[in-house]
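Here is what each chain is made of, one letter per residue.
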Amino acid sequence: MQHSSPADQTRNISGAWRRTARGAGLLAEDGSVAASIFAEMSALAVRTQAINLGQGFPDEDGPALVLEAARQAISDGMNQYPPGRGQPVLLGAIARHQQRFYGLTVDPGSEVLVTAGATEALAATILALIEPGDEVVTFEPFYDAYGGLIGLGGGIHRTVPLRAPDFQPDLDALRAAVTDRTRLIIVNDPHNPTGAVFPRATLELIVELAHRHDAIIVTDEVYEHLTFGAPHIPIATLPGAWERTVTISSGGKTFSLTGWKVGWLSAPAAIVTAILAVKQFLTYVNAAPFQPAIAVGLDLPDAYFATIAAEMQHKRDVLATGLQRAGFDISVPQGSYFIVADATPLGFSDGAELCRRLPELAGVVAVPITAFCSPTHRAEYAPLVRFAYCKKVELLEQASAQLAALPRA
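In this text, all values refer to a predicted model and were calculated from it rather than measured experimentally.

Engineer: Hey, could you run me through the overall build of the protein chain in this one?
Structural biologist: From N to C terminus, the protein chain includes 14 helices and 14 strands. A globule of 409 residues ought to have a C-alpha radius of gyration of about 22 Å, and the protein chain, at 21 Å, matches this closely. The dimensions of the protein chain, computed from C-alpha atoms along their principal axes, are 60 × 55 × 55 Å. Across the 409 residues that make up the protein chain, the buried fraction comes to 56%. Excluding contacts between residues fewer than 6 apart, the proportion of contacts in the protein chain whose partners are at least 24 apart in sequence is 74%. If you sum the accessible surface of the protein chain, you get close to 16900 Å²; carbon and sulfur atoms cover 54% of it. In the protein chain, the 30 positive side-chain charges and the 41 negative ones have mean positions that sit 4 Å from each other.

Engineer: Explain the side chain of Glu120 here, please?
Structural biologist: Note that Glu120 resides in helix H6 (residues 117–129). Of the polar contacts made by the side chain of Glu120, one reaches the backbone nitrogen of Ala116; its length is 2.6 Å. Glu120 has contacts with Thr115, Lys279, Leu282 and Thr283, leaving out every residue within four places of it along the chain.

Engineer: Is there a simple way to explain the nonpolar core in this structure?
Structural biologist: Within soluble globular proteins, side chains that are nonpolar tend to cluster in buried spots. Residues Val246, Phe328 and Phe387 are the most contacted members of the largest nonpolar core, which totals 129 residues. For this core, the element with the most residues is helix H12 (residues 302–326), which contributes nine residues. Taken domain by domain, this core gets at least three of its residues from each of domain 1 (35–61 + 304–405) and domain 2 (69–299). Discounting residues that sit within four places of it in the chain, Phe387 has contacts with Leu53, Leu319, Leu323, Phe328, Tyr337, Phe338, Ile339, Ala341, Leu358, Val364, Ala366 and Leu403.

Engineer: Teacher, can you tell me more about the UniProt feature "domain: Aminotransferase class I/classII large" (unreviewed entry) in the protein chain here?
Structural biologist: Here, the residues flagged by UniProt with the feature "domain: Aminotransferase class I/classII large" (unreviewed entry) are residues 50–374. Note that residues 50–374 is 39% helix and 17% strand, and that its end C-alpha atoms are spaced 28 Å apart.

Engineer: Please explain the layout of surface pockets as it appears in this structure.
Structural biologist: Vacant regions in the atomic arrangement are exposed by a probe of water-molecule size rolled over the atoms. Of the volumes computed, that of the second largest pocket is approximately 540 Å³. Taken together, 26 residues form the lining of the second largest pocket, with Gly56, Thr119, Tyr143, Tyr223 and Lys253 sitting closest to its centre. For the lining of the second largest pocket, the element with the highest residue contribution is H6, accounting for four residues. Taken together, domain 1 (35–61 + 304–405) and domain 2 (69–299) each give at least three residues to the lining of the second largest pocket, which thus spans both.

Engineer: Please clarify how helix H5 (residues 88–102) should be interpreted in this entry.
Structural biologist: Here H5 contains 15 residues, and its C-alpha end-to-end distance of 21 Å stays within 8% of the 21 Å for a straight helix at 1.5 Å per residue. Residues of H5 that are buried in the fold lie against strand S2 (112–115), strand S8 (245–250), strand S9 (263–266) and helix H11 (290–298).

Engineer: Please explain unusual backbone geometry as it appears in this structure.
Structural biologist: Residues Glu140 and Pro141 are joined by a peptide bond in cis, for which omega reads 10 degrees. Assignment of secondary structure puts Pro141 in the loop between strand S3 (135–140) and helix H7 (144–152). A cis amide bond links Asn192 to the next residue, Pro193, at an omega of 20 degrees. Checked against the element boundaries, Pro193 lands in the loop between strand S6 (182–188) and helix H9 (200–213).

Engineer: Explanation requested: empty space enclosed by the protein in the structure shown.
Structural biologist: With the rule as written, the count across this model stands at one cavity of 30 Å³ or more. Considered as a void within the structure, the largest cavity measures approximately 40 Å³ in volume. As for the largest cavity, its lining consists of Ile94, Gln98, Glu221, Glu224, Thr247, Ser249, Trp264, Leu265 and Ser266. Those elements that provide at least two residues to the lining of the largest cavity are H5, S8 and S9. Counting residues per element, the lining of the largest cavity draws most heavily on S9, which supplies three residues.

Engineer: Got a minute to help me understand the domain arrangement of the protein chain in this structure?
Structural biologist: Here the protein chain is described as being made up of domain 1 (35–61 + 304–405) and domain 2 (69–299). Here the C-alpha centroids of domain 1 and domain 2 sit 25 Å apart. Across the boundary between the two partners, domain 1 contributes 32 residues, which contact 36 residues of domain 2. Summed over both partners, the interface of domain 1 with domain 2 buries about 2700 Å², with 61% contributed by carbon and sulfur atoms. Area buried by domain 1 at its contact with domain 2 is led by Phe305, Gln334 and Phe372, which between them contribute 27% of it. One can count one salt bridge joining domain 1 with domain 2. The set of elements that each furnish at least two residues to the side of domain 1 that touches domain 2 consists of H12, strand S11 (338–342) and strand S14 (384–388). No other element matches the seven residues that H12 contributes to the side of domain 1 that touches domain 2. Of the residues that constitute the side of domain 1 that touches domain 2, the class distribution is 19 nonpolar, eight polar and five charged.

Engineer: Please clarify how the packing of H5 against H11 should be interpreted in this entry.
Structural biologist: Helix packing geometry: the angle between the two helix axes and the distance between the axes. Put simply, H5 and H11 touch, their axes get as near as 8 Å, and they point 20 degrees apart. Comparing the axis directions of H5 and H11 gives the class roughly parallel. As H5 runs across H11, the sense of the crossing is left-handed. Contacts between H5 and H11 pair Val89, Leu90, Ala93, Ile94, His97 and Arg100 from the former with Gln291, Pro292, Ile294, Ala295 and Leu298 from the latter. The residue makeup of the contact of H5 with H11, split by class, is eight nonpolar, two polar and one charged.

Engineer: Would you take a moment to explain the confidence of the model for the protein chain for this structure?
Structural biologist: As a note on interpretation, predicted positions should not be read in detail where pLDDT is low. Of the residues in the protein chain, 91% reach a pLDDT of 70 or more, and the chain-wide mean stands at 93. Confidence drops under pLDDT 50 across residues 1–13; counting only partners more than four residues distant or on other chains, this segment forms five contacts.

Reading the values: the criteria
Residues numbered from 1 in each chain as written. Predicted model: local features only at pLDDT ≥ 70, side-chain atom pairs only at ≥ 80, totals over all residues. Heavy atoms only, no water. Helix = DSSP H or I, 4+ residues; strand = E, 2+ residues; numbered from the N terminus. Rg over C-alpha atoms; globule rule 2.2 N^0.38 Å. Buried < 20%, exposed > 50% of the residue type's maximum accessible area, 1.4 Å probe, protein only. Contact = heavy atoms within 4.5 Å. Areas by Shrake-Rupley, 256 points an atom, 1.4 Å probe, with all protein chains shown as cover. Lys, Arg positive; Asp, Glu negative; His and termini not counted. Charge placed at Lys NZ, Arg CZ, Asp CG, Glu CD. Polar contact = N/O pair within 3.5 Å; in protein donor to acceptor, adjacent residues only side chain to side chain. Core = buried A, V, L, I, M, F, W, Y, C linked by side-chain atoms within 4.5 Å. Domains from an automatic or database assignment. UniProt positions renumbered as here; feature names shortened; annotations may be inferred. 1 Å grid on protein atoms, 1.4 Å probe; cavity = no way out; pocket = protein on both sides within 12 Å on 5 of 7 lines; lining within 4 Å. Points joined across faces, edges and corners; volume = space filled by probe spheres on them. Expected span 1.5 Å × (residues − 1). Buried area = accessible area lost by both parts, 1.4 Å probe. Salt bridge = Lys/Arg side-chain N within 4 Å of Asp/Glu carboxyl O. Nonpolar A, V, L, I, M, F, W, Y, C, P; charged D, E, K, R; others polar. Axes fitted to C-alpha atoms, helices over the stretch in contact; angles between N-to-C directions. Parallel < 35°, antiparallel > 145°, perpendicular 65-115°, else oblique. Left-handed = near helix turned anticlockwise from the far one by under 90°. pLDDT = per-residue confidence, 0-100.

Put into structure tokens, the structure is as follows:
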């Protein structure tokens, strides 16, 4: 039997799928799988032994109590498939968390769903709730998965720009972007990659527009406990929002356990059921021994959550000072793991080019903001670079010292 070559197999993929995947940034023009800038920069960091401030993962483990709970769960034999909606111990902890921090009452049995990280929650939600041709509105720059998932679902991606230095949306532009063709409004708050936290007035307008145009709001709140002086306001807490909002978060950022991939969402029962119908054909279930451990984390005392925010703010300030001394213009983030720096004062107009040269010039790796933008708008964000500060303080100090020696172009 003659087997077709990989090139033939690629050509035989349906034209419609290829167009969708290419539009979503999943395929290069030659049909090969498009490598992400994060994979490229992380490989560059390994190859050059540079300090990796590109990808947003911590270099310290999470709370000892949470780690021990995972070890205990493994020892207790909790190593097989958990229930499809998630283990009751974690569902209950998520419900308590929403009540404790935000005053939201959710039914753990019907209004909560555990997922393989927030990204799977986003994937299942988008694929469940849109039809081909539906429009999905996000802010731009945007977490790169949004564009890919919208494309895979056959949706049309509309964006509202966030511009330096504060990266807040123009409200008239937001009003213009949401129309009767809009099915979903995705709100990442605190925002990756800019670190912006959106004020109540912006969130209230989103709720108003969702009602006016019968859209569903999807919130990505993975940095909910990492804000610095600006309060995090879940949209679901606003009047009229709960019945049309899917709230997504995860334990990865809050507990510095990104590799565990334990996420969740909460929403009205009918919406959760629709999302579950898709989620069961993605991972089915995940992370059996990690689910009770994350439940332990969610029940940690308030002091833990206050401490992680204060520590992350200190790390932000260390790197911010270092970037300013190196000659960058910066936008001081109000939340998240990330800080955006403008390389223009250093003579660089192309952030992607700078990122590829930074390991040689300063022994540091970052990622360009253009990696978070649609092709149409990349030129506007070309000089901007994202640095991650979710690292040990001594590493940030070392990176700052190395960046201080960065030559002007």
